[in-house]
Amino acid sequence: MGLLRVMMPPKLQLLALLAFAVAMFFLENQIQKLEESRGKLERAIARHEVREIEQRHIQDGLRERDSAAVLPDGEDDVVIIYNRVPKTASTSFTNIAYDLCGKNHYHVLHINTTKNNPVMSIQDQVRFVKNVTEWREMKPAFYHGHVSFLDFTKFGVKKKPIYINVIRDPIERLVSYYYFLRFGDDYRPGLRRRKQGDKKTFDECVSAGGSDCAPEKLWLQIPFFCGHYSECWNVGSHWALEQAKYNLVNEYMLVGVTEELEDFIMMLEASLPRFFKGATELYKTGKKSHLRKTTEKKPPTKESVTKLQQSDIWKMENDFYEFALEQFQFVRAHAVREKDGELYLLAQNFFYEKIYPKN
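Residues numbered from 1 in each chain as written. Predicted model: local features only at pLDDT ≥ 70, side-chain atom pairs only at ≥ 80, totals over all residues. Heavy atoms only, no water.

1. Description of the pattern of salt bridges
Okay, step 1: Enumeration over the complete set of coordinates arrives at 11 salt bridges.
Okay, step 2: The closest approach of N and O atoms between R127 and D124, which form a salt bridge, is 2.6 Å. In this pair, R127 and D124 both sit in helix α4 (residues 122–134), 3 residues apart, roughly one turn of the helix.
Okay, step 3: Using a relative accessible area of 48% as the deciding quantity, one classes R127 as partly exposed.
Okay, step 4: Its salt-bridge partner being E251, residue K160 comes within 2.9 Å of it at the nearest N-O pair. (Salt bridge = Lys/Arg side-chain N within 4 Å of Asp/Glu carboxyl O. Helix = DSSP H or I, 4+ residues; strand = E, 2+ residues; numbered from the N terminus. Buried < 20%, exposed > 50% of the residue type's maximum accessible area, 1.4 Å probe, protein only.)

This is the structure we're talking about:
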């Protein structure tokens with residue numbers, strides 16, 4: 001370059017310098033435009049990515065909302081099944097659920113089976129499980145009916161309903177049912193019952209060896225808890241007794257006894273307030289939630305009771321009743337105390353500590 005500058009005339013050197021300067025200016029201008037174009041492209045890409053992220057968030061939010069509508073969680077997804085045993089104060093307890101459902105915002109549904117058959121067909125079992133788990137408009141729900149226990153896990157259900165129930169001394173339950181079929185009760189006094197007109201007392205039935213007071217009629221609470229297995233309904237089955245005990249302990253949240261119904265209701269209110277808030281006071285003061293009384297019921301004589309107690313069927317049903325009573329009293333002893341004739345619930349007696357990592 002220095003050699004060229006010596007050899008070139010001054011005018012040509014000046015033109016060459018100007019040309020070089022113009023070329024550099026043009027090149028820098030083009031580089032600047034390329035940088036600006038690149039910046040615009042990067043900003044456009046960034047804006048596009050932001051829009052994509054925002055769109056994904058919107059779609060995720062919609063999916064979560066729809067999912068929440070399809071599968072509600074928490075207390076609004078709770079289903080309780082009360083597969084009530086006949087003549088155990090089940091109507092009195094169910095009336096409390098009906099009285100509270102509007103105030104506590106849940107649905108009550110009666111399971112009405114043909115001829116009060118407690119065993120469902122396999123197709124009805126599938127329908128029932130599907131209804132209970134997928135009928136979202138009815139959740140939270142309290143189902144009740146004279147239906148034997150149904151194991152929801154057999155149908156692939158992940159979230160099972162909460163089972164509760166009440167049982168009664170087997171002979172007292174049978175006596176109550178015997179007179180109920182003949183004279184009805186004070187709940188629906190005008191309804192004609194199946195055995196209406198039969199004036200024979202329970203003692204006379206036992207003395208004559210009648211079918212309505214036979215030991216086989218005691219076989220009811222065990223199969224109701226045993227379930228939809230054929231062996232459950234084989235009168236006197238020891239397998240059914242053990243299965244009923246297993247289900248009571250493992251499948252039922254709480255099983256009360258008719259003789260201590262107030263304690264049962266109090267513990268339900270404490271553990272499931274979403275459904276039973278106000279139940280204890282309503283039971284004490286409500287007009288509809290009194291114990292349903294069978295008309296014309298006469299206590300059996302010692303002779304009749306002794307005769308029934310000699311049967312193996314009574315021994316098994318009584319074994320189950322005593323088992324349920326012991327379990328209920330165990331739960332109650334850890335939940336309720338009595339002071340000056342009044343029952344009160346124990347306060348929470350657990351807490352959390354040593355929580356790590358510390359923030």
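2. Quick word on the pairing of strand β1 (residues 79–82)
Okay, step 1: Neither face of β1 is exposed, since V79 and I81 on one face and I80 and Y82 on the opposite face are all buried.
Okay, step 2: Alignment of β1 against strand β3 (residues 141–144), held across 4 bridges, turns out to be parallel. Opposite I81, over in β3, you have Y143 as the bridge partner.
Okay, step 3: In the sheet, β1 pairs with strand β4 (residues 162–167) via 3 bridges, with the strands oriented parallel. Its bridge partner being in β4, I80 is matched across the sheet by I162. (Pairing = 2+ DSSP bridges.)

3. Looking at the packing of helix α8 (residues 238–251) against helix α13 (residues 312–333)
Okay, step 1: Contact pair α8 / α13: the axes reach a minimum separation of 10 Å and the direction vectors enclose 15°. Considering the angle they form, α8 stands roughly parallel to α13. In terms of crossing hand, the pair formed by α8 and α13 is right-handed. Residues H238, L241, A244, K245, L248 and V249 of α8 touch α13, and the partners they reach there are M316, D319, F320, F323, A324 and Q327.
Okay, step 2: Among the residues making up the contact of α8 with α13, the classes are represented as 8 nonpolar, 2 polar and 2 charged. (Axes fitted to C-alpha atoms, helices over the stretch in contact; angles between N-to-C directions. Parallel < 35°, antiparallel > 145°, perpendicular 65-115°, else oblique. Left-handed = near helix turned anticlockwise from the far one by under 90°. Contact = heavy atoms within 4.5 Å. Nonpolar A, V, L, I, M, F, W, Y, C, P; charged D, E, K, R; others polar.)

4. Some remarks on the state of the cysteines
Okay, step 1: Enumeration over the complete set of coordinates arrives at 2 disulfides.
Okay, step 2: At a sulfur-sulfur separation of 2.2 Å, the disulfide partner of C205 is C213. Between C205 and C213 the sulfur-sulfur dihedral comes to about -100°; the bridge is accordingly left-handed. The pair formed by C205 and C213 is uniform in burial state, with each residue classed as buried.
Okay, step 3: Here C226 is linked by a disulfide to C232, with a sulfur-sulfur distance of 2.0 Å. Taking the torsion about the S-S bond as the criterion, the C226 to C232 disulfide, at about -65°, is left-handed. (Disulfide = S-S within 2.5 Å.)

5. Let's talk about the pairing of strand β6 (residues 336–339)
Okay, step 1: Judged from the 4 bridges that link them, β6 and strand β7 (residues 342–345) form a sheet pairing that is antiparallel. For K339, the partnering residue across the bridge sits in β7 and is E342.

6. Remarks on unusual backbone geometry
Apart from glycine, the bulk of residues carry a negative phi angle, and the bulk of peptide bonds sit in the trans form.
Okay, step 1: For the peptide bond that leads from K139 to P140, omega is -5°, which places it in the cis range.
Okay, step 2: In this structure, P140 sits in the loop between α4 and β3.
Okay, step 3: Along the chain, Y356 connects to P357 via a cis peptide bond; the corresponding omega equals -5°.
Okay, step 4: Within the secondary structure, P357 is located in the segment after β7.
Okay, step 5: At H105, a position not held by glycine, the phi torsion is positive, near 60°.
Okay, step 6: Mapped onto the fold, H105 is located in the loop between α3 (90–104) and β2 (107–110).
Okay, step 7: The class for H105 is exposed, based on a relative accessible area of 58%.
Okay, step 8: Positive phi, normally seen in glycine, also occurs at N116, with a value near 55°.
Okay, step 9: Here N116 lies in the loop between β2 and α4.

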